[in-house]
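Next come the chains, spelled out residue by residue.
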Amino acid sequence: MGKTLVLGLGNILLRDEGVGVRAVQRLAERFDFADDVQVLDGGTLGLDLLHYVEEADRVLIVDAVATGNPPGTLVRLIGDEVPAFLGIKISPHQMGLADLLAASRLRGRFPRELVLVGVEPEIIDTGLELSPTVAAQMDALLDRVLAELARWGVHPRARRRDAQAENRLATVGREEGR
Amino acid sequence: MHAVASVRGVEDALGIRIPDNARILRNLIAGIQYVQDHVIHFYHLHALDWVDVTGALRADPVATAQLAQSISDWPNSSADYFKAVKDKLTAFVQSGQLGPFANGYWGHPAYKLPPEANLMAVAHYLEALDWQRDVIRVHAILGSKNPHPQTYLVGGMSITLDPDSETAINADKLALIRKLFVKAKQFVDQVYIPDLLAVAPFYKEWAGLGEGLGNFLAYGEFPDAAGTLLFPSGIILNRDLSTLHPLDHTKIAEYVTHSWYRYGEGDTASKHPWDGETQPNYTGPKPPYEFLQTDGKYSWLKAPRYDDKAMEVGPLARVLVAYAAGRPEVKALVDAVLAKLGVGPEALFSTLGRTAARGIETAVVAGKLISWLDELATRMADKDFKVHNGEKWDPATWPKEAKGWGFHEAPRGALGHWVHIVDGKIANYQCVVPSTWNASPRDAKGQPGAYEAALIGTPVQDPEQPIEILRTIHSFDPCMACAVHVVDARGRELTRIRIDGSM
């Protein structure tokens, strides 16, 4: 089946900018994954994440996404819809996802499947807390993540005594069955 | 990088001497960081200012192989190899998904390289991606992780040296580090430096552009057993390489006249970092905005000055200070590069000089790594495993009040941490980082910082595509914007370089 990477991106010091990292942290707290699934807090590492992405067959990215929709809107981008370009930047610290994916494509090592699940941010400003709007979408975001994984045949197990996690899995299961 | 400055600050305050092994370990970690950072800066940021990626599509792989073989013994240099890279690049550009490269200045007339040099550089851009990942494993071995290795302690390091332990630094790990250092040096000597020397002659006019301040500051770095620094500390004023002034950190003071902070005693004052204040006072327009009022406050950076003068820091400052001090390792390389390019030392005061200096110091450091490792191995063979001095570990041993200065030459330039300890606690703490020096706004006297000064007089062919501005700014290796990583699904530009006609 090959390796699956769940990659949370963003800067947790800038409130909603860190929603992807918050989501994978939550995921790792609530669920156990098989050995061929890696749940990774990619933070703001940029190009340092290239090899993690290239070593996976399927990559699910969780990130804040600017689409112009109202804050809190959930977004799903597949494959080529995820921006990949080598663009102008001021500092190597700015090497972001677009450069990472462009480099991977240029090297002919682009993952077989790539999905980005994201949330439209509301507040990007110094602070550790998500905005209320985005925080309210966290469970829905995790449901989307679990649904994508289920589509790939990845079924994490809820940690024992985490009724909330079991409920989420049950919800996703029902939605899948529809 | 901040880790070493912070522990040195406290060590300075408390008068702690670290064991020699800790000194060597710090050199090894910082040294490989220089090599990795500078190569990434060159290939993955700065090269795109000089190399037209789309120009590589017109390259002849056979001619590219001839070019590569004429400048280096690097083995990946066959026509087949370059043809494969060109095919990948062609497929990538033709894939057209969301316009790859759409956000670059490709095809700009300021690009001067022949197609073959462009293709060679693209191949090395790709190779450097794997190389940089491999060589920085040294940080994982010595400091558990990268970035931000976790082994710095006040008084030394926490990584243990023990030939009989599997988890400590033992003979196997020394051998692995040695292998990675060899790999690091090979790429620098056989790829980075030859590429730099192959690209530079096409851009010689940049040896006369982007000069900036002509004042340089270096704290110095990489102490040996006698305390002598590989890159010495010092100050150069008004381009005068014949006089190296000694560094005195108490002459450093920061202004906030044009910065979004306030000082208790008024915003025209300057303060040494030991007495520094950081009280934000944003007076700028509400974003998104078009213009900043540069006669008022206009930056989140303070304006550090040395003896009331603006200074440039970074590889060029370190190389010039070492050159002025007559350090043979540096002087020989600088003279060789100048001779190869057929220019005099005055060419160093420029955008091209800054970029060349970064390569020169990378070669110097890459050449030292193995000898530092040998020094560590010899000490271990002599049964010296000490990595930490714990004499002042207990705060009860500290004076009631102490002040310290922690210096480091980060790859980007002089980094200082200042700490004031009172009753065993931090009473004040200030950092002055390299980009604060270089990107500083004006001070109370209106003196500009290095970026501002370096951009004055830069000709721009096309104001919509100011690649010339980027060349000079990138030559400083700016540290900014590692903060925001939002994906813009509309493919909209996230970075926009504006130039104001009055500049």
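The preceding data block contains the structure.
Quick caveat, the model's predicted, so the values are computed rather than measured.

(A) How the structure looks around the nonpolar core. Counting 133 residues, the largest nonpolar core has Leu25(B), Leu28(B) and Phe231(B) as the members making the most contacts within it. In terms of residue count, the dominant contributor to this core is helix 7 (residues 171-199) of chain B (14 residues). In this structure Leu28(B) touches Leu142(B), Phe181(B), Leu369(B), Trp372(B), Leu373(B) and Leu376(B), once residues within four positions along its chain are discounted. Within the second largest apolar cluster, 28 residues are counted, among which are Phe33(A), Leu60(A), Val62(A) and Val115(A).

(B) Examining the sheet that holds strand 12 (residues 425-432) of chain B more closely. Residue and element names in this part refer to chain B. Taken together, the three strands give an open sheet; going across it, the order is 10-11-12, and neighbouring strands pair in antiparallel fashion. Both edges of this open sheet fall to strand 10 (401-410) and strand 12, since each of them pairs with a single strand only. On average, each strand axis in the sheet is tilted by 15 degrees relative to the strand beside it, whichever way the strands run. The sheet contact formed by strand 11 (residues 413-422) and strand 12 spans seven bridges and is antiparallel. By the bridge assignment, Gly416 is partnered in strand 12 with Val432. Contacts from helix 1 (residues 2-14) reach strand 10, strand 11 and strand 12 within the one sheet, and its direction differs from that of strand 10 by about 145 degrees.

(C) Fine view of the environment of Pro288(B). Its location among the elements puts Pro288(B) in the loop between strand 8 (270-271) and strand 9 (303-306). A C-alpha to C-alpha distance of 46 Å links Pro288(B) and Ala324(B), two positions 36 residues apart in sequence.

(D) Representation of the pattern of salt bridges within the structure. Residues and elements named next belong to chain B. In the structure shown here, the tally under the stated rule is 37 salt bridges over all chains. Taking the shortest distance from any N to any O, the salt bridge between Asp374 and Arg178 comes out at 2.8 Å. Of the two residues, Asp374 sits in helix 10 (residues 351-381) while Arg178 sits in helix 7, which places them 196 residues apart along the sequence. Among the charged side chains, a salt-bridge network with shared partners connects Asp20, Arg23, Glu375, Arg379 and Asp384.

Basis of the calculations
Residues numbered from 1 in each chain as written. Chains lettered and ligands numbered in written order. Predicted model: local features only at pLDDT ≥ 70, side-chain atom pairs only at ≥ 80, totals over all residues. Heavy atoms only, no water. Core = buried A, V, L, I, M, F, W, Y, C linked by side-chain atoms within 4.5 Å. Buried < 20%, exposed > 50% of the residue type's maximum accessible area, 1.4 Å probe, protein only. Helix = DSSP H or I, 4+ residues; strand = E, 2+ residues; numbered from the N terminus. Contact = heavy atoms within 4.5 Å. Pairing = 2+ DSSP bridges. Axes fitted to C-alpha atoms, helices over the stretch in contact; angles between N-to-C directions. Salt bridge = Lys/Arg side-chain N within 4 Å of Asp/Glu carboxyl O.

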